[in-house]
Amino acid sequence: MDFNMKKLASDAGIFFTRAVQFTEEKFGQAEKTELDAHFENLLARADSTKNWTEKILRQTEVLLQPNPSARVEEFLYEKLDRKVPSRVTNGELLAQYMAEAASELGPTAPYGKTLIKVAEAEKRLGAAERDFIHTASINFLTPLRNFLEGDWKTISKERRLLQNRRLDLDACKARLKKAKAAEAKATTVPDFQETRPRNYILSASASAAEQELRVAQTEFDRQAEVTRLLLEGISSTHVNHLRCLHEFVESQTTYYAQCYRHLLDLQKQLGSSQGAIFPGTFVGTTEPASLPLSSTSPTTTAATMPLGPSGAGLVPRGEAALCLEEVAPPASGTRKARVLYDYEAADSSELALLADELITVYSLPGMDPDWLIGERGNKKGKVPVTYLELLS
C-alpha cells in the first residue's frame, strides 16, 4: 500500500487551517469574504427547490401508496437494484373477496348476483389504480427523484468545494495581513543583534503570502463560476418539473375519469336490478349528470343527495300550483326548519332551497308525509322532508 506521508501532512495542514479560519469566523475574530447578492439569491432558490421537491416527492408517494410498510419495502428493493414485486391493489383484493363471497353464498341469488357485479367493477377500478400509480411513478416521481439524487448532489458537492476555497482565500488574506503588520513593525523597531536583516525576511514572507493569495483568489473565482452555472441551471429544473406536473395531472384526470365511467356503469346495472327486485320502490336516478372536469363550487357539490320522494302530495303538482297561493298556514303547527342540502324545484309548485337557510314549514291535511309546505318571505311551495332539519 502506497502511503504518502507528505500528502497526508499537507492535507492535515490544510484541514487545520480551514478549521481555524472557520472557528475564528464564528467567534467574529476573522473577516469573511461575502458572496454577491445575486449569488446568495441563487443559493436560497436552490435550497428552497430542494426542500419543496423532497416534500412533494414524499407526499406523492404517500398518495400513491398509503401503506408505510409497503413504501419501505419498495424503497429497499430500489436500493438493492431489484425489481419491485407486483402488488395487488385494495380494489382488486376487495373484488376477489366479493367474488368468493358470491360463489359461497350463491351466485344465482340476488345478493350473489350483485356481489359479482360490484366485484367486476372493483376489479376494473383496481386495474385503473394500478395504471395510474405506474404512470405517475414514471412521469412524476422519477424525475423528482433523479433531481435529488443527481443534480442536487452535484450542486452540494460544488458548494462544499466553494466553501473550502473561500476558507483558503480568507486564511491567505489573514496571513498576508499579519505579514504586512509584522513588516511594518520591523521597519520602525529594527533588531541590530540579528546577523540577517529582519525586514528582508519579513519582506520575503509578505511576498510569499501575496503569491498564495493570488492563487487562492484564482481558485475561488473559478469555483464560484462553476457553482454559479449549476445554480442557474435550477431554472431548467423548474421547467422540467413543470412538464412532469402537467403529465401527473393528466394521468390523474384519466384515472378519475375511468373510475367515474366504471361506477356509472355499475350504478346503471344496480339500478335496473334493484327495480326488478324491489318493484315500486324509489331507486334514484340512473342517469346522473355528467361529471365536470373542472372544479365545482362547494354549493354545487353539497347537494349530492338523491332527488326528493317520488310522491308530490295528495294533490297533483299541476293543480297544487294553482291553489298553493290560496292556502293559508294553520293557526298552530308551523315550525322552523334548517335546510340541509340545496334543492332545485322541479316545477312552480315546489320551493327551491339553499343549504343552511331557515324556512317556515307546516303540513296540510291529506298531504304526503314526505312533503311539507315551506314558506320563505312571500314565496311558498312544497319541500321534501329529507332535505330539512326540523327545529323546536
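The rules behind the values
Residues numbered from 1 in each chain as written. Predicted model: local features only at pLDDT ≥ 70, side-chain atom pairs only at ≥ 80, totals over all residues. Heavy atoms only, no water. Helix = DSSP H or I, 4+ residues; strand = E, 2+ residues; numbered from the N terminus. Buried < 20%, exposed > 50% of the residue type's maximum accessible area, 1.4 Å probe, protein only. Contact = heavy atoms within 4.5 Å. Phe/Tyr/Trp six-rings, centres within 6.5 Å; stacked < 30°, edge-to-face > 60°.

A. Region of interest: the overall build of the protein. The number of helices and strands found in the protein is nine helices and five strands. Overall, the protein shows an N-to-C arrangement of helices and strands of α-α-α-α-α-α-α-α-α-β-β-β-β-β. Each of the 392 residues in the protein was classed as buried or not, and the buried ones make up 28%. Considering only intrachain contacts with a sequence separation of at least 6, the fraction spanning at least 24 residues in the protein is 70%.

B. How the structure looks around the environment of A208. Residue position: A208 is located in helix α6 (residues 198-232). Given the relative accessible area of 38%, A208 is considered partly exposed. Considering only alpha carbons, one finds A208 and R175, 33 residues apart in sequence, at a separation of 9.9 Å.

C. Inspection of the packing of aromatic side chains at higher detail. In total, this model carries seven aromatic pairs according to the counting rule given. Plain terms: the ring middles of F140 and F248 are 4.8 Å apart, the flat faces sit at 25° to each other, and that makes the pair stacked. Residue F140 is found in helix α5 (residues 110-188), and its partner F248 is found in helix α7 (residues 234-277); the two are separated by 108 residues along the sequence. For the residue pair F140 and F248, the accessibility class agrees, reading buried in each case. With a centroid separation of 6.0 Å and an interplanar angle of 90°, the aromatic rings of Y341 and Y387 are classed as edge-to-face. On the criterion of sequence distance, the pair formed by Y341 in the loop between β1 (335-339) and β2 (358-362) and Y387 in the loop between β4 (379-384) and β5 (388-390) is long-range, its members being 46 residues apart. When its relative accessible area of 25% is taken as the criterion, Y341 is described as partly exposed.

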